[in-house]
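Structural overview
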Amino acid sequence: MDNFKEIGLIRQKQLLPLVGFSAPTLWRKVKAGSFPQPIKIGEKMTAWRMEEIRIWMNGLN
């Protein structure tokens, strides 16, 4: 994760290798509230805030 910025947005394609699970699992976790909510950045486009992803990942340790 050190290759990614600490702030900014990350799209699903770049996020999945970081978190190590599939897209369906990602969305199940989002729906269950155990993963940060994405934000809508376009009509058909979502992204996650990197700072929230870093906080989530640090909580796993």
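Residues numbered from 1 in each chain as written. Predicted model: local features only at pLDDT ≥ 70, side-chain atom pairs only at ≥ 80, totals over all residues. Heavy atoms only, no water.

Focus: the nonpolar core
- In this structure, Ile 10, Leu 15, Leu 26, Phe 35 and Trp 48 are the most contacted members of the largest nonpolar core, which totals 13 residues.
- Mapped by element, the contributors of at least two residues to this core are helix H1 (12–19), helix H2 (23–32) and helix H3 (50–60).
- Looking at which element gives the most residues to this core, the answer is H1, with 4 residues.
- The contact partners of Phe 35, leaving out residues within four places of it in the chain, are Leu 15, Val 19, Phe 21, Leu 26, Lys 29, Val 30, Trp 48, Ile 53 and Trp 56. (Core = buried A, V, L, I, M, F, W, Y, C linked by side-chain atoms within 4.5 Å. Buried < 20%, exposed > 50% of the residue type's maximum accessible area, 1.4 Å probe, protein only. Helix = DSSP H or I, 4+ residues; strand = E, 2+ residues; numbered from the N terminus. Contact = heavy atoms within 4.5 Å.)

Describing the pattern of salt bridges
- Scanning the model with the defined rule gives 1 salt bridge in all.
- Between Glu 52 and Arg 49 there is a salt bridge; the shortest N-O distance is 3.6 Å.
- Classification of Glu 52 by relative accessible area gives partly exposed; the value is 28%.
- According to the relative accessible area criterion, Arg 49 is partly exposed, its value standing at 32%. (Salt bridge = Lys/Arg side-chain N within 4 Å of Asp/Glu carboxyl O.)

Details of the pairing of strand S3 (residues 45–49)
- Across 2 bridges, strand S1 (residues 9–10) lies against S3 in antiparallel orientation. What sits directly across from Leu 9, in S3, is Arg 49.
- Two successive antiparallel strands, strand S2 (residues 39–42) and S3, enclose a turn made up of 2 residues. (Pairing = 2+ DSSP bridges.)

Here's the deal with the packing of aromatic side chains
- Applying the stated criterion to the full structure yields 4 aromatic pairs.
- Arranged with centres 6.0 Å apart and planes meeting at 80 degrees, the rings of Phe 21 and Phe 35 form a pair that is edge-to-face. Of the two residues, Phe 21 sits in the loop between H1 and H2 while Phe 35 sits in the loop between H2 and S2, which places them 14 residues apart along the sequence.
- Its relative accessible area of 17% is what places Phe 21 among the buried residues.
- Judged by centre distance (5.4 Å) and plane angle (55 degrees), the ring pair of Trp 27 and Trp 48 falls under tilted. Linking Trp 27 in helix H2 with Trp 48 in strand S3, this pair joins segments that are 21 residues apart in sequence.
- Taking the relative accessible area as the measure of exposure, Trp 48 reaches 0% and is therefore buried.
- Lys 29 extends its terminal NZ or CZ atom over the ring of Phe 21, reaching a point 5.2 Å from the ring centre. (Phe/Tyr/Trp six-rings, centres within 6.5 Å; stacked < 30°, edge-to-face > 60°. Lys NZ or Arg CZ within 6 Å of the ring centre and 35° of its normal.)

Without other data, these values stay purely geometric and don't point to any function.
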